[in-house]
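Here is what each chain is made of, one letter per residue.
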Amino acid sequence: MNGPPVLVTGLPRSGTSWTGRMLTAGGLIYVNEPLNPQHPPGRCPGVLKAAVTHRFQYICDDNTAEWLPAFRDTVALRYRWLAELRANHSPYDLARLLRYGTAFAYGRVTGRRALLDDPFAVLSAGWFAARLGCRVIALVRDPVSFVASWRRLGWTVDPRELLDQPLLVRDHPEVLELRALTGSADPLATAATLWRITHAVLARTPGILLTSYESLAADPLPGFRSLYSYAGLPWTAAAERRITRACTGPSGGAAFSWSGLSRTAYRRMDSRRALDHAARGLTPTEVSRVRALTGQG
């Protein structure tokens, strides 16, 4: 299967894992969050032989020398066995090494393409499109649904992860809006501001496909068929069956599931019904505040 690699990105909890897993039914080799600074799934030099220093690492032409060779290996499915063995030694790490190493080898032998599922690449999506030739699918979730999901999980982001990246601040000065929230005890405002900044960056990034999570969840079959076409994947009866099963199952269960040795947010669900309680955990006043903070009122 010849063609470009695929990157599925978007802020965490925007449906990247679900979308990526559905696209692998087209024969892609799934690579989970190589830019995640947490191990696992990140900090695995067998998958990406580069030092990730920040969440939402910013990659652009000015630092491409640091990243391009490593990502060329990743999308070409060249696994760095020795680098991985030197860095990670636990039984879990060794099992993961075998899984990824054999998957990469299988992909190369059979001519498969790589699919990177990485929300931490969201601010660098344009670089992946321009420098690596990726077909980039950027998921955008409704801000109320996004903030509510982060609230339920107790998530926030340290603004310094973005502010301490001078190239990011230079190219996208709206990141400076996060400065007032450094050390803030207002995670709702932090998440909403992160959503607004990221949406603004994606909206002006050429060479990527912005995709509404809600639209995809509401009508998954035509939505994924369109994504398959964009990614240059064959839409087969087997892919349609797999997507139908995965998107019409009972909702519920843990927020995360394990797929092989990769922990992802993907789980079988009735994607239409999952939209019914998107704002769960936010009061009407908080919903209005999120709309105001994100400019989506």
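Look up a bit, the structure's there.
### Notes on the overall build of the protein chain
Argument step 1. Looking only at helices and strands, the protein chain features 14 helices and seven strands.
Argument step 2. The C-alpha radius of gyration of the protein chain comes to 19 Å, within 12% of the 19 Å expected for a compact globule of 297 residues.
Argument step 3. Counting only C-alpha atoms, the protein chain reaches 55 × 45 × 40 Å along its principal axes.
Argument step 4. Intrachain contacts of the protein chain at a sequence separation of at least 6 include 72% that bridge at least 24 residues.
Argument step 5. Of the accessible surface of the protein chain, which amounts to about 12900 Å², a share of 54% is contributed by carbon and sulfur atoms.

### As for the pattern of salt bridges
Argument step 1. On inspection of all chains with the given rule, the structure shows 11 salt bridges.
Argument step 2. Measuring nitrogen to oxygen at the nearest pair gives 2.8 Å for the salt bridge that ties Asp171 to Arg170.
Argument step 3. Asp171 sits in the partly exposed class, given a relative accessible area of 29%.
Argument step 4. The residue Asp186 makes a salt bridge to Arg289 at a minimum N-O spacing of 2.5 Å. Here Asp186, found in the loop between α8 (166–171) and α9 (187–203), pairs with Arg289, found in helix α14 (residues 284–294); they are 103 residues apart in sequence, far enough to count as distant.
Argument step 5. Salt bridges sharing partners connect three or more residues here, namely Asp62, Arg170 and Asp171.

### Looking at the packing of aromatic side chains
Each aromatic ring pair is described using two quantities: the centre-to-centre distance and the angle formed by the ring planes.
Argument step 1. Throughout the structure, instances matching the rule amount to 13 aromatic pairs.
Argument step 2. Ring centres of Phe71 and Phe128 lie 4.9 Å apart, and the angle between their planes is 80 degrees; on these two criteria the pair is classed as edge-to-face. Here the residue Phe71 occupies a position in helix α2 (residues 64–75), and Phe128 occupies one in helix α5 (residues 125–132), the gap between them amounting to 57 residues. Each member of the pair, Phe71 as well as Phe128, carries the same accessibility label: buried.
Argument step 3. Consider the rings of Trp150 and Trp155, whose centres lie 5.6 Å apart with planes at 80 degrees: the pair is edge-to-face.
Argument step 4. Its relative accessible area of 4% is what places Trp150 among the buried residues.
Argument step 5. An aromatic cluster is present here, built from Trp67, Phe71, Trp127 and Phe128 joined pairwise through their rings.
Argument step 6. Over the ring of Tyr30 we find Arg21, and its NZ or CZ is 3.6 Å from the ring centre.

What counts, and at which threshold
- Residues numbered from 1 in each chain as written.
- Predicted model: local features only at pLDDT ≥ 70, side-chain atom pairs only at ≥ 80, totals over all residues.
- Heavy atoms only, no water.
- Helix = DSSP H or I, 4+ residues; strand = E, 2+ residues; numbered from the N terminus.
- Rg over C-alpha atoms; globule rule 2.2 N^0.38 Å.
- Contact = heavy atoms within 4.5 Å.
- Areas by Shrake-Rupley, 256 points an atom, 1.4 Å probe, with all protein chains shown as cover.
- Salt bridge = Lys/Arg side-chain N within 4 Å of Asp/Glu carboxyl O.
- Buried < 20%, exposed > 50% of the residue type's maximum accessible area, 1.4 Å probe, protein only.
- Phe/Tyr/Trp six-rings, centres within 6.5 Å; stacked < 30°, edge-to-face > 60°.
- Lys NZ or Arg CZ within 6 Å of the ring centre and 35° of its normal.

All we've got here are geometric facts, nothing functional implied.
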